[in-house]
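# Observations on the model geometry
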Amino acid sequence: MDALLILGGLLLIVSGLVWLVVLAFGTSLLWGVGSLLPPINLIYAVRHWHVARRAIGLSSLGFIPLVIGFS
């Protein structure tokens, strides 16, 4: 059961990050290429919060089952 929670949490986190990269490519090609690097990804999320908040929310929800699975 713990492994399923961990895998489910990781799946939510990765899907949120992929969604964030897709949104960055939708903004511009330069943001999309830059968002493949983690620091630029954070800058994109802060500067375009109104677009990126749902993807960040999905990634944040992934930490709940991940922490429960590890504990």
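Structure shown above.
These notes cover the structure that comes with them. Since the model is a prediction, treat every value here as computed from it, not as a measurement. (Residues numbered from 1 in each chain as written. Predicted model: local features only at pLDDT ≥ 70, side-chain atom pairs only at ≥ 80, totals over all residues. Heavy atoms only, no water.)

### Section: the nonpolar core
- Judged by nonpolar contacts, L20, A24, Y44, A52 and A55 together constitute the single largest core of 5 residues.
- Put simply, the parts of the chain that give this core at least two residues each are α1 (2-27) and α4 (49-61).
- Leaving out residues up to four positions away in the same chain, A24 has contacts with W31, G32, S35 and Y44. (Core = buried A, V, L, I, M, F, W, Y, C linked by side-chain atoms within 4.5 Å. Buried < 20%, exposed > 50% of the residue type's maximum accessible area, 1.4 Å probe, protein only. Helix = DSSP H or I, 4+ residues; strand = E, 2+ residues; numbered from the N terminus. Contact = heavy atoms within 4.5 Å.)

### A closer look at helix α5 (residues 63-70)
- Every buried residue belonging to α5 is among P65, L66 and G69, and all of these are buried. Buried residues of α5 fall within an arc of 105 degrees about the axis and therefore sit on the same side. (Arc of directions from axis to C-beta.)

### Some points on the packing of α1 against α5
- Put simply, α1 and α5 touch, their axes get as near as 7 Å, and they point 155 degrees apart. With respect to α5, the axis of α1 lies roughly antiparallel. Remark: the crossing between α1 and α5 carries left-handed chirality. The residues of α5 that touch α1, namely those facing D2, L5, I6, G9, L10, L12 and I13, are F63, P65, L66, I68, G69 and F70. (Axes fitted to C-alpha atoms, helices over the stretch in contact; angles between N-to-C directions. Parallel < 35°, antiparallel > 145°, perpendicular 65-115°, else oblique. Left-handed = near helix turned anticlockwise from the far one by under 90°.)

### Here we look at the side chain of S59
- Inspection of the secondary structure puts S59 in helix α4.
- Taking the relative accessible area as the measure of exposure, S59 reaches 8% and is therefore buried.
- Looking at S59, its side chain comes within polar contact range of the main-chain oxygen of I13, at 3.4 Å.
- A polar contact is formed between the side chain of S59 and the backbone nitrogen of L17, at a distance of 3.4 Å.
- S59 has contacts with L12, I13, G16 and L17, leaving out every residue within four places of it along the chain. (Polar contact = N/O pair within 3.5 Å; in protein donor to acceptor, adjacent residues only side chain to side chain.)

### A closer look at the side chain of H48
- Tracing the backbone through its elements, the reader meets H48 in the loop between α3 (38-47) and α4.
- For H48, a relative accessible area of 17% translates into the label buried.
- The contacts of H48, once residues within four sequence positions are left out, are T27 and W31.

### Description of the packing of α4 against α5
- Where α4 meets α5, the axes come as close as 4 Å, and the angle between the chain directions of the two elements is 10 degrees. With respect to their mutual orientation, α4 and α5 come out roughly parallel. The residues of α5 that touch α4, namely those facing S59, S60 and L61, are F63, I64 and P65.
- When its residues are assigned to classes, the contact of α4 with α5 shows 4 nonpolar, 2 polar and no charged. (Nonpolar A, V, L, I, M, F, W, Y, C, P; charged D, E, K, R; others polar.)

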